[in-house]
Number of protein chains: 2
Amino acid sequence: MALPEHGSREREMTYCVGLKMARGMVFMSDTRTNAGVDNISTFRKMASWEQPGERVITLMTAGNLATTQSVVSLLEERMKAPGERSPSVFEAPSMFQVARMVGATLREVIQSNANTGARADSTFNATLLLGGQVKGSAPRLFMIYPEGNFIEASDDTPFFQIGETKYGRPILVRAFDPEMSFEDAIKLLLVSFDSTIKANLSVDLPLDVQVIETDALRLGYAARITADDSYFQTISSGWGEALKMAFDSLPKFRMDDSRET
Amino acid sequence: MALPEHGSREREMTYCVGLKMARGMVFMSDTRTNAGVDNISTFRKMASWEQPGERVITLMTAGNLATTQSVVSLLEERMKAPGERSPSVFEAPSMFQVARMVGATLREVIQSNANTGARADSTFNATLLLGGQVKGSAPRLFMIYPEGNFIEASDDTPFFQIGETKYGRPILVRAFDPEMSFEDAIKLLLVSFDSTIKANLSVDLPLDVQVIETDALRLGYAARITADDSYFQTISSGWGEALKMAFDSLPKFRMDDSRET
(Lines give C-alpha, C1' and ligand atoms only; values in the text may rest on other atoms or scores of the structure.)
Protein backbone atom coordinates (compact mmCIF):
# COMPACT_ATOMS: atom_id res chain seq x y z
CA MET A 1 0.00 0.00 0.00
CA ALA A 2 1.36 3.39 -0.96
CA LEU A 3 2.10 5.89 1.73
CA PRO A 4 -0.17 8.90 1.77
CA GLU A 5 1.01 11.89 -0.20
CA HIS A 6 3.04 14.39 1.77
CA GLY A 7 0.35 17.00 1.31
CA SER A 8 -2.33 14.81 2.75
CA ARG A 9 -0.44 14.34 5.99
CA GLU A 10 0.94 17.82 6.43
CA ARG A 11 -1.02 19.48 9.19
CA GLU A 12 -1.09 23.02 10.32
CA MET A 13 -1.00 22.36 14.04
CA THR A 14 -1.04 26.09 14.13
CA TYR A 15 -2.23 28.78 16.43
CA CYS A 16 -4.42 31.58 15.05
CA VAL A 17 -6.34 34.28 16.91
CA GLY A 18 -8.82 36.86 15.65
CA LEU A 19 -9.78 39.76 17.93
CA LYS A 20 -12.94 41.78 17.38
CA MET A 21 -12.41 45.24 18.80
CA ALA A 22 -14.14 48.58 19.03
CA ARG A 23 -11.85 50.08 16.39
CA GLY A 24 -11.57 47.06 14.11
CA MET A 25 -10.00 43.62 14.09
CA VAL A 26 -6.54 42.18 14.64
CA PHE A 27 -5.45 38.78 13.30
CA MET A 28 -2.35 36.77 14.14
CA SER A 29 -1.22 33.37 12.89
CA ASP A 30 1.94 31.29 13.15
CA THR A 31 3.58 29.54 10.19
CA ARG A 32 4.61 26.12 11.47
CA THR A 33 3.34 23.02 9.71
CA ASN A 34 4.38 19.47 10.28
CA ALA A 35 3.85 15.99 8.97
CA GLY A 36 5.49 14.50 12.06
CA VAL A 37 8.12 16.13 14.24
CA ASP A 38 10.85 15.20 11.74
CA ASN A 39 9.09 16.93 8.87
CA ILE A 40 8.51 20.57 9.64
CA SER A 41 7.98 23.45 7.25
CA THR A 42 6.90 27.06 7.14
CA PHE A 43 3.67 28.01 5.37
CA ARG A 44 1.64 31.16 5.56
CA LYS A 45 -1.77 30.49 7.16
CA MET A 46 -3.21 33.94 6.64
CA ALA A 47 -4.62 35.36 3.41
CA SER A 48 -6.01 38.86 2.98
CA TRP A 49 -7.89 40.48 0.13
CA GLU A 50 -9.18 43.97 -0.46
CA GLN A 51 -11.29 45.94 -2.92
CA PRO A 52 -10.35 49.40 -1.65
CA GLY A 53 -13.42 51.36 -0.64
CA GLU A 54 -15.63 48.29 -1.07
CA ARG A 55 -14.53 45.40 1.12
CA VAL A 56 -11.67 43.85 3.02
CA ILE A 57 -11.31 40.20 4.07
CA THR A 58 -8.79 38.21 6.12
CA LEU A 59 -8.84 34.41 6.37
CA MET A 60 -6.77 32.23 8.71
CA THR A 61 -6.59 28.44 8.59
CA ALA A 62 -5.85 25.53 10.91
CA GLY A 63 -5.88 21.89 9.91
CA ASN A 64 -4.84 19.84 6.91
CA LEU A 65 -2.54 21.96 4.77
CA ALA A 66 -3.71 20.52 1.44
CA THR A 67 -7.28 21.34 2.39
CA THR A 68 -6.59 24.89 3.53
CA GLN A 69 -4.39 25.69 0.53
CA SER A 70 -7.09 24.37 -1.79
CA VAL A 71 -9.70 26.53 -0.11
CA VAL A 72 -7.58 29.66 -0.53
CA SER A 73 -6.72 28.78 -4.16
CA LEU A 74 -10.37 28.16 -5.05
CA LEU A 75 -11.43 31.45 -3.45
CA GLU A 76 -8.71 33.31 -5.36
CA GLU A 77 -9.52 31.67 -8.70
CA ARG A 78 -13.11 32.71 -8.35
CA MET A 79 -12.09 36.29 -7.52
CA LYS A 80 -10.01 36.46 -10.67
CA ALA A 81 -12.71 35.03 -12.92
CA PRO A 82 -15.79 36.99 -11.89
CA GLY A 83 -19.08 36.06 -13.45
CA GLU A 84 -18.25 32.36 -13.70
CA ARG A 85 -20.75 29.89 -12.34
CA SER A 86 -19.28 29.99 -8.81
CA PRO A 87 -19.65 33.49 -7.38
CA SER A 88 -16.66 35.11 -5.72
CA VAL A 89 -16.35 36.48 -2.21
CA PHE A 90 -15.85 39.85 -3.92
CA GLU A 91 -19.42 39.65 -5.18
CA ALA A 92 -21.15 38.57 -1.97
CA PRO A 93 -23.42 41.29 -0.62
CA SER A 94 -22.44 40.85 3.04
CA MET A 95 -19.83 39.25 5.30
CA PHE A 96 -22.47 36.71 6.27
CA GLN A 97 -22.70 35.65 2.61
CA VAL A 98 -18.89 35.62 2.37
CA ALA A 99 -18.82 33.27 5.36
CA ARG A 100 -21.39 31.00 3.69
CA MET A 101 -19.30 30.87 0.50
CA VAL A 102 -16.08 30.16 2.35
CA GLY A 103 -17.86 27.51 4.45
CA ALA A 104 -19.28 25.87 1.33
CA THR A 105 -15.84 25.88 -0.30
CA LEU A 106 -14.28 24.30 2.78
CA ARG A 107 -16.93 21.57 2.93
CA GLU A 108 -16.54 20.93 -0.80
CA VAL A 109 -12.76 20.47 -0.53
CA ILE A 110 -13.01 18.17 2.48
CA GLN A 111 -15.74 16.07 0.85
CA SER A 112 -13.91 15.76 -2.47
CA ASN A 113 -10.95 14.30 -0.59
CA ALA A 114 -13.13 12.12 1.57
CA ASN A 115 -14.86 10.73 -1.52
CA THR A 116 -11.58 9.35 -2.85
CA GLY A 117 -11.99 6.57 -0.34
CA ALA A 118 -9.80 7.82 2.44
CA ARG A 119 -11.48 7.82 5.81
CA ALA A 120 -12.61 11.38 6.14
CA ASP A 121 -12.99 11.92 9.83
CA SER A 122 -10.30 14.27 10.90
CA THR A 123 -7.66 13.60 8.25
CA PHE A 124 -8.67 16.29 5.79
CA ASN A 125 -10.36 18.57 8.26
CA ALA A 126 -9.67 22.24 8.75
CA THR A 127 -11.13 25.10 10.73
CA LEU A 128 -11.08 28.72 9.58
CA LEU A 129 -11.25 32.19 11.04
CA LEU A 130 -12.76 34.76 8.71
CA GLY A 131 -13.01 38.46 9.37
CA GLY A 132 -13.75 41.49 7.27
CA GLN A 133 -16.05 44.30 6.36
CA VAL A 134 -18.28 44.99 3.38
CA LYS A 135 -19.13 48.62 2.69
CA GLY A 136 -22.34 49.64 4.41
CA SER A 137 -22.15 47.03 7.20
CA ALA A 138 -20.15 46.61 10.39
CA PRO A 139 -17.00 44.42 10.49
CA ARG A 140 -17.74 40.80 11.37
CA LEU A 141 -15.65 37.88 12.60
CA PHE A 142 -16.55 34.21 12.04
CA MET A 143 -15.21 30.79 12.99
CA ILE A 144 -15.98 28.25 10.26
CA TYR A 145 -16.13 24.53 11.03
CA PRO A 146 -15.15 21.65 8.71
CA GLU A 147 -18.86 21.01 8.09
CA GLY A 148 -19.09 24.48 6.56
CA ASN A 149 -21.28 25.99 9.26
CA PHE A 150 -20.00 28.85 11.38
CA ILE A 151 -20.42 31.01 14.45
CA GLU A 152 -19.91 34.74 14.84
CA ALA A 153 -17.97 36.71 17.45
CA SER A 154 -20.05 38.97 19.67
CA ASP A 155 -19.66 41.26 22.65
CA ASP A 156 -19.82 38.19 24.89
CA THR A 157 -17.21 36.33 22.86
CA PRO A 158 -15.07 39.00 21.23
CA PHE A 159 -12.25 36.73 20.09
CA PHE A 160 -11.78 33.33 18.44
CA GLN A 161 -8.83 30.97 18.54
CA ILE A 162 -8.17 27.94 16.33
CA GLY A 163 -5.47 25.25 16.44
CA GLU A 164 -3.43 24.87 19.61
CA THR A 165 -5.59 27.21 21.66
CA LYS A 166 -5.17 26.25 25.30
CA TYR A 167 -1.73 27.47 26.37
CA GLY A 168 -2.38 31.00 25.13
CA ARG A 169 -5.98 31.30 26.29
CA PRO A 170 -5.65 32.34 29.97
CA ILE A 171 -3.82 35.59 29.17
CA LEU A 172 -6.41 36.48 26.50
CA VAL A 173 -9.27 35.77 28.89
CA ARG A 174 -7.65 37.95 31.55
CA ALA A 175 -6.20 40.83 29.59
CA PHE A 176 -8.13 41.30 26.35
CA ASP A 177 -10.26 44.43 26.29
CA PRO A 178 -12.15 45.29 23.07
CA GLU A 179 -11.45 48.98 23.80
CA MET A 180 -7.66 48.58 23.76
CA SER A 181 -5.46 50.05 21.01
CA PHE A 182 -4.29 48.03 18.00
CA GLU A 183 -0.73 48.25 19.37
CA ASP A 184 -1.79 46.80 22.74
CA ALA A 185 -3.78 44.10 20.98
CA ILE A 186 -0.72 43.04 18.97
CA LYS A 187 1.39 43.07 22.13
CA LEU A 188 -1.21 40.89 23.88
CA LEU A 189 -1.27 38.46 20.98
CA LEU A 190 2.53 38.24 21.07
CA VAL A 191 2.37 37.26 24.76
CA SER A 192 -0.30 34.65 23.99
CA PHE A 193 1.71 33.26 21.06
CA ASP A 194 4.92 33.26 23.08
CA SER A 195 3.28 31.18 25.83
CA THR A 196 2.09 28.72 23.18
CA ILE A 197 5.42 28.56 21.37
CA LYS A 198 7.28 27.91 24.63
CA ALA A 199 4.93 25.01 25.41
CA ASN A 200 4.36 23.36 22.04
CA LEU A 201 6.70 22.40 19.21
CA SER A 202 3.93 22.53 16.64
CA VAL A 203 3.58 26.32 16.83
CA ASP A 204 6.45 28.64 15.91
CA LEU A 205 7.61 31.93 14.45
CA PRO A 206 7.47 33.73 12.08
CA LEU A 207 4.09 35.23 13.00
CA ASP A 208 1.84 37.08 10.58
CA VAL A 209 -0.18 40.06 11.74
CA GLN A 210 -3.03 41.83 9.96
CA VAL A 211 -5.00 44.81 11.20
CA ILE A 212 -8.37 45.81 9.73
CA GLU A 213 -9.59 49.21 10.85
CA THR A 214 -13.35 49.74 10.98
CA ASP A 215 -14.65 51.65 7.96
CA ALA A 216 -11.20 51.98 6.35
CA LEU A 217 -12.34 49.38 3.80
CA ARG A 218 -8.75 48.60 2.95
CA LEU A 219 -6.14 46.41 4.57
CA GLY A 220 -4.39 48.06 7.51
CA TYR A 221 -1.05 47.42 9.14
CA ALA A 222 0.45 44.04 8.22
CA ALA A 223 3.68 42.52 9.43
CA ARG A 224 5.67 39.34 9.63
CA ILE A 225 7.36 38.99 13.00
CA THR A 226 10.44 36.79 12.78
CA ALA A 227 12.53 35.09 15.44
CA ASP A 228 15.12 37.88 15.29
CA ASP A 229 12.55 40.64 15.85
CA SER A 230 13.96 42.60 18.78
CA TYR A 231 10.54 43.58 20.12
CA PHE A 232 9.40 39.95 20.14
CA GLN A 233 12.57 38.99 21.98
CA THR A 234 11.92 41.71 24.56
CA ILE A 235 8.39 40.41 25.13
CA SER A 236 9.48 36.78 25.21
CA SER A 237 12.22 37.30 27.79
CA GLY A 238 10.45 40.11 29.67
CA TRP A 239 7.20 38.24 30.16
CA GLY A 240 8.80 35.60 32.37
CA GLU A 241 10.15 38.30 34.70
CA ALA A 242 6.90 40.25 34.59
CA LEU A 243 4.95 37.10 35.49
CA LYS A 244 7.24 36.40 38.42
CA MET A 245 6.75 39.96 39.69
CA ALA A 246 2.98 39.59 39.27
CA PHE A 247 3.17 36.33 41.21
CA ASP A 248 5.22 37.91 44.00
CA SER A 249 2.76 40.81 44.22
CA LEU A 250 0.00 38.47 45.42
CA PRO A 251 -0.27 37.72 49.15
CA LYS A 252 1.54 34.68 50.54
CA PHE A 253 -0.22 31.39 51.21
CA ARG A 254 -0.29 30.45 54.88
CA MET A 255 -0.53 26.83 56.02
CA ASP A 256 -3.08 27.52 58.73
CA ASP A 257 -5.08 24.88 60.48
CA SER A 258 -8.48 26.05 59.30
CA ARG A 259 -8.18 24.14 56.04
CA GLU A 260 -6.52 20.98 57.32
CA THR A 261 -8.25 17.81 56.29
CA MET B 1 -28.40 -2.87 24.15
CA ALA B 2 -27.98 -1.63 27.70
CA LEU B 3 -26.39 1.70 28.32
CA PRO B 4 -22.95 1.55 29.86
CA GLU B 5 -22.88 1.69 33.65
CA HIS B 6 -22.55 5.13 35.14
CA GLY B 7 -19.15 4.23 36.55
CA SER B 8 -17.79 3.21 33.19
CA ARG B 9 -18.53 6.57 31.62
CA GLU B 10 -17.61 8.82 34.48
CA ARG B 11 -14.33 10.47 33.64
CA GLU B 12 -12.03 12.49 35.78
CA MET B 13 -11.24 15.20 33.28
CA THR B 14 -9.20 16.47 36.13
CA TYR B 15 -6.14 18.52 36.63
CA CYS B 16 -3.37 17.21 38.89
CA VAL B 17 0.16 18.51 39.40
CA GLY B 18 3.08 17.08 41.34
CA LEU B 19 6.09 19.30 42.06
CA LYS B 20 9.49 17.85 42.97
CA MET B 21 11.34 20.40 45.06
CA ALA B 22 14.55 20.76 46.99
CA ARG B 23 12.71 20.44 50.30
CA GLY B 24 10.17 17.80 49.29
CA MET B 25 7.11 17.47 47.09
CA VAL B 26 3.79 19.27 46.75
CA PHE B 27 0.71 17.69 45.16
CA MET B 28 -2.53 19.32 44.09
CA SER B 29 -5.62 17.83 42.46
CA ASP B 30 -9.12 19.03 41.66
CA THR B 31 -12.27 17.03 42.42
CA ARG B 32 -14.50 17.45 39.36
CA THR B 33 -15.69 14.39 37.50
CA ASN B 34 -18.24 14.18 34.76
CA ALA B 35 -20.08 11.71 32.59
CA GLY B 36 -21.20 14.49 30.27
CA VAL B 37 -21.69 18.14 31.16
CA ASP B 38 -25.11 17.33 32.62
CA ASN B 39 -23.71 14.75 34.98
CA ILE B 40 -21.09 16.28 37.21
CA SER B 41 -19.91 15.08 40.60
CA THR B 42 -17.18 15.62 43.14
CA PHE B 43 -14.67 12.83 43.84
CA ARG B 44 -11.36 12.92 45.58
CA LYS B 45 -8.52 12.13 43.14
CA MET B 46 -5.73 12.09 45.69
CA ALA B 47 -4.88 9.30 48.10
CA SER B 48 -2.07 9.39 50.65
CA TRP B 49 -0.65 6.70 52.90
CA GLU B 50 2.05 6.71 55.54
CA GLN B 51 3.98 4.34 57.78
CA PRO B 52 5.47 6.98 60.06
CA GLY B 53 9.25 6.77 60.11
CA GLU B 54 9.22 4.24 57.28
CA ARG B 55 7.52 5.56 54.15
CA VAL B 56 5.05 8.04 52.80
CA ILE B 57 3.15 7.85 49.48
CA THR B 58 0.76 10.13 47.59
CA LEU B 59 -1.12 9.03 44.47
CA MET B 60 -3.18 11.24 42.12
CA THR B 61 -5.37 9.97 39.30
CA ALA B 62 -6.76 11.22 35.98
CA GLY B 63 -8.99 9.22 33.66
CA ASN B 64 -11.82 6.77 34.02
CA LEU B 65 -13.18 7.03 37.54
CA ALA B 66 -14.08 3.34 37.86
CA THR B 67 -10.52 2.44 36.90
CA THR B 68 -8.84 4.87 39.26
CA GLN B 69 -11.09 3.98 42.20
CA SER B 70 -10.41 0.28 41.60
CA VAL B 71 -6.67 0.91 41.58
CA VAL B 72 -6.83 2.76 44.89
CA SER B 73 -9.10 0.11 46.44
CA LEU B 74 -6.85 -2.74 45.33
CA LEU B 75 -3.77 -0.98 46.71
CA GLU B 76 -5.52 -0.39 50.03
CA GLU B 77 -6.83 -3.95 50.32
CA ARG B 78 -3.33 -5.27 49.86
CA MET B 79 -1.98 -2.89 52.51
CA LYS B 80 -4.55 -4.16 54.99
CA ALA B 81 -3.91 -7.82 54.26
CA PRO B 82 -0.10 -8.04 54.24
CA GLY B 83 1.49 -11.34 53.37
CA GLU B 84 -1.22 -12.28 50.87
CA ARG B 85 -0.12 -13.38 47.43
CA SER B 86 -0.09 -9.81 46.05
CA PRO B 87 2.53 -7.77 47.89
CA SER B 88 1.57 -4.33 49.19
CA VAL B 89 3.17 -0.98 48.43
CA PHE B 90 4.01 -0.92 52.15
CA GLU B 91 6.34 -3.87 51.57
CA ALA B 92 8.14 -2.65 48.45
CA PRO B 93 11.81 -1.93 49.14
CA SER B 94 11.94 1.32 47.11
CA MET B 95 9.74 3.93 45.44
CA PHE B 96 10.78 2.41 42.12
CA GLN B 97 9.25 -0.89 43.22
CA VAL B 98 6.17 0.95 44.51
CA ALA B 99 5.79 2.54 41.05
CA ARG B 100 6.09 -0.89 39.40
CA MET B 101 3.37 -2.30 41.68
CA VAL B 102 1.05 0.62 41.11
CA GLY B 103 1.69 0.44 37.35
CA ALA B 104 0.97 -3.30 37.32
CA THR B 105 -2.25 -2.72 39.29
CA LEU B 106 -3.35 -0.02 36.86
CA ARG B 107 -2.68 -2.23 33.83
CA GLU B 108 -4.48 -5.14 35.49
CA VAL B 109 -7.62 -3.05 36.15
CA ILE B 110 -7.69 -1.61 32.63
CA GLN B 111 -7.18 -5.03 31.04
CA SER B 112 -9.81 -6.72 33.15
CA ASN B 113 -12.33 -4.17 31.91
CA ALA B 114 -11.09 -4.39 28.34
CA ASN B 115 -11.46 -8.17 28.41
CA THR B 116 -15.18 -7.92 29.07
CA GLY B 117 -15.56 -7.11 25.42
CA ALA B 118 -15.73 -3.34 25.57
CA ARG B 119 -13.35 -1.63 23.18
CA ALA B 120 -10.48 -0.79 25.44
CA ASP B 121 -8.73 2.06 23.71
CA SER B 122 -9.22 5.11 25.80
CA THR B 123 -12.48 4.23 27.54
CA PHE B 124 -11.04 2.68 30.67
CA ASN B 125 -7.72 4.45 30.61
CA ALA B 126 -6.16 6.41 33.41
CA THR B 127 -2.88 8.11 34.13
CA LEU B 128 -1.37 8.45 37.59
CA LEU B 129 1.07 10.65 39.45
CA LEU B 130 2.87 8.86 42.27
CA GLY B 131 5.26 10.48 44.71
CA GLY B 132 6.78 9.46 47.97
CA GLN B 133 9.78 8.45 49.98
CA VAL B 134 10.97 5.16 51.44
CA LYS B 135 13.37 5.38 54.39
CA GLY B 136 16.99 5.37 53.25
CA SER B 137 16.32 6.77 49.75
CA ALA B 138 15.51 10.16 48.30
CA PRO B 139 11.91 11.20 47.52
CA ARG B 140 10.83 10.28 43.98
CA LEU B 141 8.02 11.39 41.69
CA PHE B 142 6.61 9.25 38.85
CA MET B 143 4.05 9.59 36.08
CA ILE B 144 2.45 6.21 35.35
CA TYR B 145 0.85 5.49 31.97
CA PRO B 146 -2.19 3.27 31.28
CA GLU B 147 0.19 0.57 30.00
CA GLY B 148 1.73 0.42 33.46
CA ASN B 149 5.11 1.84 32.48
CA PHE B 150 6.30 5.13 33.95
CA ILE B 151 8.73 8.01 33.84
CA GLU B 152 10.43 9.82 36.71
CA ALA B 153 10.77 13.54 37.42
CA SER B 154 14.31 14.90 37.30
CA ASP B 155 16.15 18.20 37.60
CA ASP B 156 15.35 18.83 33.92
CA THR B 157 11.66 18.02 34.39
CA PRO B 158 10.89 18.77 38.03
CA PHE B 159 7.11 18.65 37.76
CA PHE B 160 4.42 16.50 36.16
CA GLN B 161 0.87 17.36 35.16
CA ILE B 162 -1.94 14.99 34.22
CA GLY B 163 -5.45 15.63 32.87
CA GLU B 164 -6.28 19.05 31.48
CA THR B 165 -2.68 20.27 31.52
CA LYS B 166 -2.38 23.00 28.92
CA TYR B 167 -4.09 26.08 30.36
CA GLY B 168 -2.11 25.93 33.58
CA ARG B 169 1.25 25.02 32.08
CA PRO B 170 2.69 28.41 30.98
CA ILE B 171 2.72 29.83 34.52
CA LEU B 172 4.39 26.67 35.87
CA VAL B 173 7.01 26.78 33.13
CA ARG B 174 7.74 30.44 33.86
CA ALA B 175 7.51 30.65 37.64
CA PHE B 176 8.26 27.25 39.19
CA ASP B 177 11.57 27.10 41.00
CA PRO B 178 12.50 23.87 42.84
CA GLU B 179 14.13 26.03 45.53
CA MET B 180 10.92 27.88 46.42
CA SER B 181 9.10 27.42 49.75
CA PHE B 182 6.18 25.03 50.15
CA GLU B 183 3.93 28.07 50.68
CA ASP B 184 5.04 29.64 47.40
CA ALA B 185 4.63 26.31 45.63
CA ILE B 186 1.03 26.03 46.86
CA LYS B 187 0.38 29.63 45.80
CA LEU B 188 1.82 28.88 42.35
CA LEU B 189 -0.34 25.78 42.02
CA LEU B 190 -3.42 27.81 42.97
CA VAL B 191 -2.65 30.27 40.15
CA SER B 192 -2.17 27.39 37.71
CA PHE B 193 -5.40 25.71 38.84
CA ASP B 194 -7.32 28.99 38.74
CA SER B 195 -6.26 29.56 35.11
CA THR B 196 -7.46 26.05 34.27
CA ILE B 197 -10.74 26.35 36.15
CA LYS B 198 -11.51 29.67 34.44
CA ALA B 199 -10.96 28.06 31.01
CA ASN B 200 -12.45 24.60 31.39
CA LEU B 201 -15.69 23.33 32.91
CA SER B 202 -14.23 19.89 33.54
CA VAL B 203 -11.89 21.12 36.29
CA ASP B 204 -13.19 22.69 39.48
CA LEU B 205 -12.84 23.28 43.20
CA PRO B 206 -12.52 21.98 45.84
CA LEU B 207 -8.78 21.37 45.48
CA ASP B 208 -6.80 18.90 47.54
CA VAL B 209 -3.25 19.71 48.63
CA GLN B 210 -0.64 17.40 50.10
CA VAL B 211 2.90 18.30 51.13
CA ILE B 212 5.59 15.68 51.68
CA GLU B 213 8.72 17.03 53.33
CA THR B 214 11.99 15.30 52.52
CA ASP B 215 13.08 12.88 55.27
CA ALA B 216 10.04 13.60 57.44
CA LEU B 217 8.76 10.15 56.46
CA ARG B 218 5.25 11.14 57.42
CA LEU B 219 2.55 13.07 55.64
CA GLY B 220 2.97 16.83 55.87
CA TYR B 221 0.50 19.67 55.51
CA ALA B 222 -2.74 18.63 53.83
CA ALA B 223 -5.72 20.80 53.00
CA ARG B 224 -8.91 20.97 51.03
CA ILE B 225 -9.37 24.37 49.43
CA THR B 226 -13.02 25.10 48.79
CA ALA B 227 -14.73 27.74 46.67
CA ASP B 228 -15.33 29.91 49.73
CA ASP B 229 -11.68 29.90 50.76
CA SER B 230 -10.83 33.58 51.15
CA TYR B 231 -7.19 33.11 50.12
CA PHE B 232 -8.20 31.32 46.93
CA GLN B 233 -10.64 34.12 46.16
CA THR B 234 -7.88 36.69 46.67
CA ILE B 235 -5.60 34.82 44.26
CA SER B 236 -8.36 34.26 41.73
CA SER B 237 -9.42 37.89 41.58
CA GLY B 238 -5.96 39.35 42.19
CA TRP B 239 -4.23 37.35 39.47
CA GLY B 240 -6.20 39.06 36.72
CA GLU B 241 -5.11 42.49 37.98
CA ALA B 242 -1.53 41.33 38.54
CA LEU B 243 -1.39 39.94 34.99
CA LYS B 244 -2.67 43.22 33.57
CA MET B 245 0.01 45.12 35.50
CA ALA B 246 2.65 42.69 34.25
CA PHE B 247 1.36 43.20 30.71
CA ASP B 248 1.45 46.99 31.09
CA SER B 249 5.00 46.83 32.44
CA LEU B 250 6.32 45.51 29.10
CA PRO B 251 7.25 48.03 26.37
CA LYS B 252 4.63 49.07 23.85
CA PHE B 253 4.48 47.57 20.37
CA ARG B 254 5.13 50.10 17.61
CA MET B 255 3.73 49.66 14.10
CA ASP B 256 6.93 50.66 12.37
CA ASP B 257 7.62 50.08 8.73
CA SER B 258 10.58 47.78 9.21
CA ARG B 259 8.32 44.73 9.61
CA GLU B 260 5.72 45.57 7.00
CA THR B 261 5.11 42.78 4.55
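No experiment lies behind these values; they were computed from the predicted model shown.

Definitions and limits used
Residues numbered from 1 in each chain as written. Chains lettered and ligands numbered in written order. Predicted model: local features only at pLDDT ≥ 70, side-chain atom pairs only at ≥ 80, totals over all residues. Heavy atoms only, no water. Least-squares fit on C-alpha atoms with pLDDT ≥ 70 in both. Contact = heavy atoms within 4.5 Å. Core = buried A, V, L, I, M, F, W, Y, C linked by side-chain atoms within 4.5 Å. Buried < 20%, exposed > 50% of the residue type's maximum accessible area, 1.4 Å probe, protein only. Phe/Tyr/Trp six-rings, centres within 6.5 Å; stacked < 30°, edge-to-face > 60°. Helix = DSSP H or I, 4+ residues; strand = E, 2+ residues; numbered from the N terminus. Buried area = accessible area lost by both parts, 1.4 Å probe. Salt bridge = Lys/Arg side-chain N within 4 Å of Asp/Glu carboxyl O. Polar contact = N/O pair within 3.5 Å; in protein donor to acceptor, adjacent residues only side chain to side chain. Pairing = 2+ DSSP bridges. Axes fitted to C-alpha atoms, helices over the stretch in contact; angles between N-to-C directions.

### Comments concerning the relation of the copies chain A and chain B
Moving on, step 1. Superposing chain A onto chain B takes a rotation of 180° combined with a translation of 0.0 Å along the rotation axis, leaving an RMSD of 0.0 Å. When the rotation and shift are considered jointly, the pair of chain copies conforms to a two-fold rotation axis. Within chain A, A:Tyr167 has its C-alpha nearest the rotation axis, a separation of 2.4 Å.
Moving on, step 2. Both copies share a contact surface, since 100% of the interface residues of chain A are interface residues in chain B too.

### What to know about the nonpolar core
Moving on, step 1. With 78 residues, the main nonpolar core has A:Val26, A:Leu190, A:Trp239, B:Val26, B:Leu190 and B:Trp239 as its most contacted residues.
Moving on, step 2. Contact partners of A:Trp239, with chain neighbours within four places excluded, come to A:Ile171, A:Val191, A:Ser195, A:Thr234, B:Arg174, B:Leu243, B:Ala246, B:Phe247 and B:Leu250.

### Side note on the packing of aromatic side chains
Moving on, step 1. In this structure the tally under the stated criterion is 12 aromatic pairs over all chains.
Moving on, step 2. For the ring pair B:Tyr15 and B:Phe193, a centre distance of 4.4 Å and an interplane angle of 35° mean the geometry is tilted. Of this pair, B:Tyr15 sits in strand S2 (residues 15-21) while B:Phe193 sits in helix H5 (residues 182-199), and the two are 178 residues apart along the sequence. This pair shows no difference in class: B:Tyr15 is buried, exactly as B:Phe193 is.
Moving on, step 3. With a centroid separation of 5.3 Å and 80° between ring planes, the pair formed by B:Phe142 and B:Phe150 is classed as edge-to-face.
Moving on, step 4. On the basis of relative accessibility, which here comes to 1%, the residue B:Phe142 falls in the buried class.
Moving on, step 5. Of the aromatic side chains, those joined through ring pairs into one cluster are A:Phe96, A:Phe142 and A:Phe150.

### Some details on the interface of chain A and chain B
Many authors give the size of an interface as the accessible area that is lost as the parts come together.
Moving on, step 1. At the junction of the two partners, chain A supplies 51 residues and chain B supplies 51 residues.
Moving on, step 2. Interface area, chain A with chain B, both sides summed: about 5000 Å², of which 68% is carbon and sulfur.
Moving on, step 3. Sorting the residues of chain A by area buried against chain B places A:Arg174, A:Phe247 and A:Phe253 first, and these three jointly supply 18% of that buried surface.
Moving on, step 4. For the pair chain A and chain B, the number of links is 6 salt bridges.
Moving on, step 5. The partner of A:Glu164 in a salt bridge is B:Lys166, with the nearest N and O atoms 2.8 Å apart.
Moving on, step 6. Counting across the interface, chain A meets chain B through 16 residue pairs in polar contact (both at pLDDT 80 or more).
Moving on, step 7. Those elements giving two or more residues to the side of chain A that touches chain B turn out to be helix H4 (169-175), helix H5 (182-199), strand S13 (222-225) and helix H6 (230-249) of chain A.
Moving on, step 8. Considering each element in turn, the side of chain A that touches chain B owes the most residues, 14 residues, to H6(A).

### Some words on the side chain of B:Ser236
Moving on, step 1. Topologically, B:Ser236 is positioned in helix H6 (residues 230-249).
Moving on, step 2. Here B:Ser236 falls in the buried class, since its relative accessible area comes to 15%.
Moving on, step 3. A distance of 2.7 Å separates polar atoms of two side chains, one belonging to B:Ser236 and the other to B:Lys198.
Moving on, step 4. In contact with B:Ser236, not counting residues within four places along its chain, are A:Arg174, B:Asp194 and B:Lys198.

### Here we look at the environment of B:Leu219
Moving on, step 1. Structurally, B:Leu219 is set in the loop between strand S12 (207-213) and strand S13 (222-225).
Moving on, step 2. In contact with B:Leu219, other than residues within four places in its own chain, are B:Ser48, B:Trp49, B:Glu50, B:Val56, B:Ile57, B:Thr58, B:Gln210, B:Val211 and B:Ile212.

### Quick look at unusual backbone geometry
Moving on, step 1. For the bond from A:Leu205 to A:Pro206, the omega torsion is -5°, close enough to zero to count as cis.
Moving on, step 2. Among the structural elements, A:Pro206 can be located in the loop between H5 and strand S12 (207-213).
Moving on, step 3. One non-glycine residue with positive phi stands out, namely B:Asp215, at about 70°.
Moving on, step 4. Position of B:Asp215 relative to the elements: it lies in the loop between S12 and S13.
Moving on, step 5. The exposure class assigned to B:Asp215 is exposed, which follows from its relative accessible area of 57%.
Moving on, step 6. The backbone phi angle of B:Leu217 is positive, close to 55°, even though this residue is not glycine.
Moving on, step 7. Summarising the element assignment, B:Leu217 is placed in the loop between S12 and S13.

### Remarks on the sheet that holds strand S11 (residues 159-163) of chain B
Residue and element names in this part refer to chain B.
Moving on, step 1. The strand order S11-S2-S3-S12-S13 describes an open sheet built from 5 strands, whose pairing is antiparallel. Single-partner strands in this sheet number two, and they are S11 and S13. Recorded for the sheet is a direction-independent mean angle of 10° between the axes of neighbouring strands.
Moving on, step 2. Direction of pairing for S12 relative to S13: antiparallel, over a ladder of 4 bridges.

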